[in-house]
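# Structure at a glance
Listed below, chain by chain, are the residues.
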Amino acid sequence: MRVFKTKPFCRFAERESIDDAALCEAVRRAEAGLVDADLGGGVVKQRIARRGSGKSRGYRVILLFRRGSRCFFVYGFAKRDRTNIRRNELDAFRMLAEQLLKLEGAALEAAMTNGTIVEVTCDGRAIR
């Protein structure tokens, strides 16, 4: 399993002090079938706890997810700021999932090289 985060998601995670360990835990839960919301078309919503608080008051993150293959963190928001994503956003995420989840080899490397995506590491190594 390879896990990536998009450049906009990196900015969100940094601003909210969400570390890669929290992202890794969200992916592990999804891999185990513990998905908070399967939105269809490869789009999944997972909850991430806020430091010093629980998941219910934490963050919601949108993943483009294919079990056993790859995952892209593409969007996040604090539960206190909004309750959910809009229908048109979901449609856009589904279209993005269709494109990103089929990236292979050279295309993935090119996206990492140009900074569009960053590979998430757990304990100093990529999740495989």
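Our subject is the structure listed above.
About the thresholds
Residues numbered from 1 in each chain as written. Predicted model: local features only at pLDDT ≥ 70, side-chain atom pairs only at ≥ 80, totals over all residues. Heavy atoms only, no water. Helix = DSSP H or I, 4+ residues; strand = E, 2+ residues; numbered from the N terminus. Rg over C-alpha atoms; globule rule 2.2 N^0.38 Å. Buried < 20%, exposed > 50% of the residue type's maximum accessible area, 1.4 Å probe, protein only. Contact = heavy atoms within 4.5 Å. Lys, Arg positive; Asp, Glu negative; His and termini not counted. Charge placed at Lys NZ, Arg CZ, Asp CG, Glu CD. Pairing = 2+ DSSP bridges. Axes fitted to C-alpha atoms, helices over the stretch in contact; angles between N-to-C directions. Polar contact = N/O pair within 3.5 Å; in protein donor to acceptor, adjacent residues only side chain to side chain.

With that settled, the discussion passes to the overall build of the chain. Regarding its fold elements, the chain presents four helices and eight strands. Secondary structure elements of the chain occur, N-terminal to C-terminal, as β-α-α-β-β-β-β-α-α-β-β-β. For a compact globule of 128 residues, the expected C-alpha radius of gyration is about 14 Å, and the chain comes in at 14 Å, within 12% of that figure. Relative to its 128 residues, the chain shows a buried fraction of 45%. For the chain, the proportion of contacts with a sequence separation of at least 24, taken over those separated by at least 6, is 55%. Taking the 26 positively charged and 16 negatively charged side chains of the chain as two groups, their mean positions are separated by 4 Å.

Non-glycine residue Ser17 carries a positive phi angle of around 60°. Its location among the elements puts Ser17 in the loop between α1 (7-15) and α2 (20-31).

Before going further, it helps to spend a moment on the sheet that holds strand β2 (residues 37-40). The mixed open sheet is built from six strands, whose spatial order is β2-β3-β4-β5-β1-β6. A strand with exactly one partner marks an edge of an open sheet, and here the two such strands are β2 and β6 (117-119). Across the sheet, the axes of successive neighbouring strands diverge by a mean angle of 30°, strand direction being ignored. Packing against the sheet, α2 makes contact with β1 (2-6), β3 (43-48), β4 (59-66) and β5 (70-78), and its axis sits at approximately 125° to β3. Where helix α3 (residues 87-100) meets the sheet, it contacts β2, β3, β4 and β5, and its direction lies at approximately 160° from that of β5.

Attention now goes to the environment of Met1. If you trace the backbone, Met1 turns up in the segment before β1. Spatially, the C-alpha atoms of Met1 and Ala92 are 24 Å apart, while their sequence positions differ by 91 residues.

A separate point is the side chain of Glu119. In this fold, Glu119 is placed in strand β6. On the basis of relative accessible area, Glu119 is assigned to the buried category, the value being 18%. Polar side-chain contacts of Glu119 include one of 2.9 Å to the side chain of Arg2.

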